[in-house]
Amino acid sequence: MYRASDRVENDEWVERLEAAADELDLDEETRSTAVDLFLTHVPEAERSKPATAAASLYAAALIGGEERSQSAVAEAMDVTRLSVQGGWKPILESAGFRPPTW
């Protein structure tokens, strides 16, 4: 879980997540899940935040049944596809879900 101050401290990343969710045409519940996942897993290092935000968005889309490709999420978040690929499974598992095996 995260603190309210985490949201304030990471407002820039929350805004970027919401802009990417707009670009991907994701619904409000999926957007909210993405923000919650990101704030729960926000890394200390600033350089790690883009990958964590993108992985959180991808995981939220899976949870919400609004699957988007890793490439589409990466493009919307301006990161590499490998950034998404390397981070979404641990985020999904920590949220209590079993990642698909495809």
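Heads up: the structure comes first, above all this text.
Report follows, based on the coordinates. (Residues numbered from 1 in each chain as written. Predicted model: local features only at pLDDT ≥ 70, side-chain atom pairs only at ≥ 80, totals over all residues. Heavy atoms only, no water.)

So, the overall build of the protein chain
If you tally the helices and strands in the protein chain, you get 6 helices and 0 strands. Each helix and strand of the protein chain, placed in order from N terminus to C terminus, yields the pattern α-α-α-α-α-α. For the protein chain, the spread of C-alpha atoms along the principal axes amounts to about 35 × 25 × 25 Å. Across the protein chain, every contact between residues at least 6 apart in sequence was considered, and the portion connecting residues at least 24 apart equals 60%. A total accessible area of about 5,800 Å² is found for the protein chain, and carbon and sulfur atoms account for 46% of it. Placing the 10 positive and 20 negative side-chain charges of the protein chain at their respective mean positions leaves the two points 7 Å apart. (Helix = DSSP H or I, 4+ residues; strand = E, 2+ residues; numbered from the N terminus. Contact = heavy atoms within 4.5 Å. Areas by Shrake-Rupley, 256 points an atom, 1.4 Å probe, with all protein chains shown as cover. Lys, Arg positive; Asp, Glu negative; His and termini not counted. Charge placed at Lys NZ, Arg CZ, Asp CG, Glu CD.)

Here's the deal with the packing of helix 5 (residues 70-77) against helix 6 (residues 81-94)
Running from N to C, helix 5 and helix 6 point in directions that differ by 115°, and their axes come no closer than 8 Å. In terms of orientation, helix 5 lies roughly perpendicular with respect to helix 6. The two elements helix 5 and helix 6 cross, and the hand of that crossing is right-handed. Facing Gln70, Ser71, Val73 and Ala74 of helix 5, the residues of helix 6 in contact are Arg81, Val84, Gln85 and Trp88. Of the residues that constitute the contact of helix 5 with helix 6, the class distribution is 4 nonpolar, 3 polar and 1 charged. (Axes fitted to C-alpha atoms, helices over the stretch in contact; angles between N-to-C directions. Parallel < 35°, antiparallel > 145°, perpendicular 65-115°, else oblique. Left-handed = near helix turned anticlockwise from the far one by under 90°. Nonpolar A, V, L, I, M, F, W, Y, C, P; charged D, E, K, R; others polar.)

Here we look at helix 4 (residues 49-63)
In a regular helix each residue adds 1.5 Å, so 15 residues correspond to 21 Å; helix 4 covers 21 Å between its end C-alpha atoms and thus fits that length. When you tally the buried positions in helix 4, you get 13 out of 15 residues, the bulk of the element. (Expected span 1.5 Å × (residues − 1). Buried < 20%, exposed > 50% of the residue type's maximum accessible area, 1.4 Å probe, protein only.)

Comments concerning unusual backbone geometry
One non-glycine residue, Asp25, adopts positive backbone phi at about 60°. The phi dihedral of Asp78 falls on the positive side, at around 60°, and the residue is not glycine. Along the chain, the position of Asp78 falls in the loop between helix 5 and helix 6. With a relative accessible area of 67%, Asp78 lands in the exposed category.

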